[in-house]
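Observations on the three-dimensional arrangement
Residues per chain are reported as follows:
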Amino acid sequence: MNNLYKNVKNINIPDNALDILNKLSEAGFEAYIVGGCVRDSLLGREPMDWDITTNAHPLEVKKLFKRTIDTGIKHGTVTVMKGQEGYEVTTYRVDGDYKDHRHPESVTFTPMLREDLRRRDFTINAMAWNPDKGLVDEFGGIDDLNAGIIRCVGDPMERFDEDALRILRALRFSAQLGYDIEEDTARAAKTLSDTLQRVSAERIQTELIKIMTSDRPTRLLEGRELGINKVILPELDEAIACDQNTPHHQWNVGEHSLRAAETIRNDKILRLSMLLHDIGKPSCKTTDEAGIDHFKGHAEVGAEMANNILRRLKMDNASIKKICLLVRYHDIMMKTEPTDKLVRKMLSVIGPENLDDLISVKKADVSAQSSYMQEEKLLGIERLKDKALEIIERGDALCLADLAVKGADLIEAGIKPGKEMGDCLKAMLADVLNTPSHNTREYLLRHIKNYL
Ligand code: ATP
Ligand code: MG
C-alpha cells in the first residue's frame, strides 16, 4: 500500500522555488512548499504552481526579495518574482469566521505550521515539504493519497459550511485524480450542496472547466448524487434523467454527453461543446408508436440553451460563440450524401476555420453512441472531411469576401449601399455556392438583375 513515504527528501522542485525557501531559511524563518504542488509532486504530476508557506510576515518577505507584488498582503500573500515567474509566499495563517460561506471575515497569522495546514481543504492538499525537514503530513495526507481518497481536514460539515466552494473542489479533485470522495465528506457535501448557490459564477466556471478538462469528465455524473449539478448545471441532471430508446444510443443523454467529452481531445472549447451538444434533447424528446425516441430540432434548441448556460457561468464571449456554433451544427450532414454543393454550403455556414473542430465533435459524438451503424457513421464523417478539405484546397468561394465582385462594382452598377447591396451580395453567394463557375466579375454583373 505505502508506495509514497513520509520522509520524502527528493521532491523535484524548480531552482527558483528552492532559492526562495533557502533565502527565507537563511534569514532564520521556516519555509515550505505547500498544498497542490506537494500533492502533485508526490504523484509525479506536473504542479500548476509552487506555493510557499512561511512564518515570516509579509513585510519581512518583501524585505528579503528584490521584486515582489502585493498580491494579498491582508491575507498574508506576497508574490515573489523570479524572472517571468511568480511564486506566492503566504504567511502561516488561520482563517476567521466564514459568515457568508465564501470568504473568511478576517485572517490571523500564526507561528504554527500545523495551524496553517489545518485550514486547508483536503488532507491531500494539507502537506508541506522542504529539503531540510522533508514531508510534514499532520492530517494523514499520504495515507489518503495512497488510498485514493478525498477527505476533508477535520469535520467535513464545518469545512463545507465555512466555504461551499470546497464541495465542488472535492468533485474536481476526484475527477482530476480518479479518487473517491470519503463517505463522511460525501455525506456532508450532499447535505450542504445548496450552499453552493452563494459561490460566484466565475469560481464555479473555473472548477467546472477543471472537471471537464480532467481525465474523467464522467465524474460529473456523481455531481447529481451529491446535489452539486442541481445548483451549478440543472440542465445536466435533466439530461441524465433522459433515456434514449433508439438503436443509435446505449446511454442516457447526460452520460452519452460526458462519455463523448471524455473521448475528445483535451481542450476547453471541445470538452464543453461535448458536455452541451445534446443539452436540447430532453425538451425535444418525442416517442413514436413503436416506442422509439426522437429528438428533432435538439441541436438548435441546444445551442440556445448552451448560450444561456455559458452566460450564466460568465464565460467569455468568444468561447460562447464557438461552443454554440459547434452545438448548433454537431449533427449537420449526418444523413446526407456529402455532395460538393452541400459541403460548400456547410462550410459557408460554419466557417472553414471551424472544420477541424466540427469533425472532432462529430467523431466524439458517434464514438459515445451504440455500435449500431457506428462504423458507417465514422466513415461518413471521414468522407465529409475529405470532401470539405478538397473544396477548401480548390479555393471555391465560401463567403462574401470570396466573391469576384466588390461593393464598389455594385455601386457602379447602380445598387444602393446598405440593405439592397447586402441582399444582392448574399444572393450572389447563394448562387456561387451552387455553381462556383458563376463566380466571375463578368457573370455576376451581367446577371445582376437575378440577384435583386
Ligand atoms: P490546482 O492548482 O491544481 O488547481 P491546488 O490544490 O494547488 O490545485 P489551489 O486553488 O491552487 O489548489 O490552492 C492551493 C492550496 O490552497 C490547496 O492545495 C489547498 O491547500 C489550499 N486551498 C485552496 N482553496 C482552498 C479552499 N477553498 N479552502 C481551503 N483550502 C484551500
Ligand atoms: Mg495550485
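Here goes a summary of the coordinates provided. Numbers given for residues are sequential positions, taken from 1 along each chain in its written order. For naming, the first written chain is A and the first written ligand is 1, with later ones following in the order written. Given that this is a predicted model, residues contribute local features only at a pLDDT of at least 70 and side-chain atom pairs are listed and counted only at 80 or more, while totals for whole chains, interfaces and linings are drawn from all residues. Heavy atoms throughout the structure, all of them, feed into the side-chain values; hydrogens and water do not.

**Describing the overall build of the chain**
Helix and strand definitions follow DSSP, with helices as H or I runs of at least four residues and strands as E runs of at least two, each counted in order from the N terminus. Within the chain one finds 23 helices and 13 strands. Taking 452 residues into account, the globule formula puts the C-alpha radius of gyration at 22 Å, and the chain, at 28 Å, lies well above it. Along the three orthogonal principal directions, the C-alpha set of the chain runs to about 85 × 60 × 40 Å. In the chain, of all internal contacts separated by at least 6 residues, the share reaching a separation of at least 24 is 65%. Only the C-alpha atoms count toward the radius of gyration. The rule for a globule is 2.2 Å times the residue count to the power 0.38. Every residue pair with non-hydrogen atoms within 4.5 Å of one another is taken to be in contact.

**Structural notes on the packing of aromatic side chains**
Note on aromatic pairs: the rings of Phe, Tyr and Trp (six-membered ring only in Trp) are paired at centre separations within 6.5 Å, and the planes decide the class, stacked below 30 degrees, edge-to-face beyond 60, tilted for the rest. Evaluation of the coordinates by the stated rule reveals one aromatic pair. Their ring planes at 75° and their centres at 6.0 Å tell us that Phe 122 and Phe 173 sit as a pair that is edge-to-face. With Phe 122 in the loop between helix H4 (113-118) and strand S8 (127-130) and Phe 173 in helix H7 (residues 165-177), this residue pair connects regions lying 51 residues apart in the sequence. Above the face of the Phe 173 ring, Arg 172 is positioned so that its terminal group lies 4.2 Å from the ring centre. Sitting over a ring, as applied to charges here, requires NZ of Lys or CZ of Arg to be within 6 Å of the ring centre and within 35 degrees of the ring normal. When the ring centre of Phe 295 is taken as origin, the NZ or CZ atom of Lys 281, which lies over that ring, is 4.7 Å away.

**Some points on unusual backbone geometry**
Despite not being glycine, Lys 314 shows a phi value in the positive range, around 60°. Positionally, Lys 314 belongs in the loop between helix H16 (298-312) and helix H17 (317-328). Positioned with a positive phi, Met 333 is a non-glycine residue whose angle comes to about 60°. Note on placement: Met 333 falls in the loop between H17 and helix H18 (340-350). Note on classification: 1.4 Å probe, protein chains only; a residue is buried when its accessible area is under 20% of the maximum for its type, exposed when over 50%, partly exposed between these limits. The class of Met 333 is buried, set by a relative accessible area of 14%.

**Details of the packing of H18 against helix H20 (residues 374-394)**
One way to put it is that H18 packs onto H20 with a least axis distance of 10 Å and a crossing angle of 75°. Comparing their axes, H20 and H18 come out roughly perpendicular. In this structure, H18 uses Asp 340, Val 343, Arg 344, Met 346 and Leu 347 to contact H20, whose residues at the interface are Leu 384, Lys 387, Ala 388, Ile 391, Ile 392 and Arg 394. In terms of residue class, the contact of H18 with H20 is made up of seven nonpolar, no polar and four charged. Geometry is summarised by axes, namely lines fitted to C-alpha atoms with helices restricted to the contacting stretch, and by angles between N-to-C directions that run from 0 to 180 degrees. The labels follow the angle: roughly parallel below 35 degrees, roughly antiparallel above 145, roughly perpendicular from 65 to 115, and oblique for the rest. Asp, Glu, Lys and Arg are counted as charged, while Ala, Val, Leu, Ile, Met, Phe, Trp, Tyr, Cys and Pro are counted as nonpolar; the rest, among them Gly, fall into the polar class.

**Overview of empty space enclosed by the protein**
Using protein atoms alone on a 1 Å grid, points that fit a 1.4 Å probe yet trap it form a cavity, whereas open point sets bounded by protein on both sides within 12 Å along at least five of seven lines form a pocket; residues with an atom within 4 Å of a point count as lining. Grid points are joined across faces, edges and corners, and a volume is the space filled by probe spheres set on the points. Inspection of every chain in the model, using the stated rule, returns one cavity of 30 Å³ or more. There is about 40 Å³ of room inside the largest cavity. Lining the largest cavity we find Leu 208, Ile 209, Leu 233, Leu 272, Leu 275, Leu 276, Ile 309, Leu 310, Leu 313 and Met 315. Broken down by element, the lining of the largest cavity gets its largest block of residues, three residues, from helix H14 (residues 268-276).

**Quick word on the pattern of salt bridges**
Salt bridge criterion: a side-chain nitrogen from Lys or Arg within 4 Å of a carboxyl oxygen from Asp or Glu. The tally for this structure, following the rule as stated, stands at 40 salt bridges. Notably, a salt bridge pairs Glu 162 with Arg 166, separated by 2.7 Å at the nearest N-O pair. Judged by its relative accessible area of 24%, Glu 162 is partly exposed. Looking at Arg 166, the relative accessible area reads 5%, which means it is buried.

**Some remarks on the site of ligand 1**
In these notes, residues near a molecule or strand are those with any non-hydrogen atom within 4 Å of it. Of all residues adjacent to ligand 1, which total 16 residues, the nearest are Arg 39, Asn 125, Asp 163, Arg 166 and Lys 210. Measuring from a nitrogen atom of ligand 1, one finds a side-chain N or O atom of Arg 166 at 2.7 Å. Counting of polar contacts relies on pairs of N or O atoms within 3.5 Å, with two restrictions inside protein: one atom must be capable of donating a hydrogen and the other of accepting it, and residues adjacent in sequence are counted only when both atoms are side-chain atoms. With respect to ligand 1, the side chain of Arg 172 contributes an N or O atom lying 2.9 Å from an oxygen atom. Calculation of accessible area relied on Shrake-Rupley with a 1.4 Å probe; when residues are assessed, cover is drawn exclusively from the protein chains displayed. If ligand 1 stood free it would expose 580 Å²; the protein chains cover 82% of that surface. Criterion for pocket placement: a molecule counts as inside a cavity or pocket if more than half of its atoms are within 2 Å of its grid points. Applying the majority rule of atoms within 2 Å of the grid points places ligand 1 in the largest pocket.

**Considerations on the nonpolar core**
Buried residues of nine kinds, namely Ala, Val, Leu, Ile, Met, Phe, Trp, Tyr and Cys, make up a nonpolar core once their side-chain atoms join them within 4.5 Å. Membership of the largest hydrophobic core comes to 120 residues, with the highest contact counts inside it found for Ile 33 and Met 428. Apart from the residues lying within four places of it in its own chain, the contact partners of Met 428 are Leu 403, Val 405, Leu 410, Leu 444, Ile 448 and Tyr 451. Membership of the second largest hydrophobic core comes to 10 residues, among which are Val 34, Tyr 92, Leu 117 and Val 136.

**Here we look at the sheet that holds strand S1 (residues 31-34)**
Two strands are said to pair when DSSP picks up at least two bridges between them. Here we have seven strands laid out as an open sheet, ordered S3-S4-S5-S2-S1-S8-S9, and mixed in their pairing. Strand pairing shows two members of the sheet lacking a second neighbour, strand S3 (68-72) and strand S9 (134-137), which therefore form its edges. On average, each strand axis in the sheet is inclined to that of its neighbour by 35°, with strand direction left out of account. Of the pairings in the sheet, the one linking strand S2 (residues 52-54) to strand S5 (residues 85-91) comprises three bridges and is parallel in character. Its bridge partner lying in S5, Thr 54 is registered against Thr 91. Here helix H1 (residues 15-26) sits on the sheet in contact with S1, S2, strand S4 (77-82), S5 and S8, set at roughly 35° to S5. Sitting on the sheet, helix H2 (residues 36-43) is in contact with S1, S8 and S9, with an inclination near 65° to S1.

**Section: the pairing of S5**
Inspection of the sheet shows S4 paired to S5 by six bridges, in the antiparallel sense. Bridge assignment links Met 81 to a residue of S5, and that residue is Gly 86. Between S4 and S5, which pair antiparallel in sequence order, lie two residues; one of them, Gly 83, sits at a positive phi of approximately 60°.

**Here we look at the environment of Asn 434**
Tracing the sequence through the fold places Asn 434 in helix H22 (residues 419-434). Each C-alpha atom, one on Asn 434 and one on Ile 150, is 58 Å from the other, the two residues being 284 residues apart in sequence. Setting aside residues up to four positions removed in sequence, Asn 434 forms contacts with Lys 341, Arg 344 and Lys 345.

**Describing the environment of Leu 384**
Residue placement: Leu 384 occurs in helix H20. Assessed through its relative accessible area of 2%, Leu 384 is described here as buried. In sequence terms Leu 384 and Thr 206 are 178 residues apart; their C-alpha atoms lie 35 Å from each other.

That's the geometry; what it means functionally is another story.
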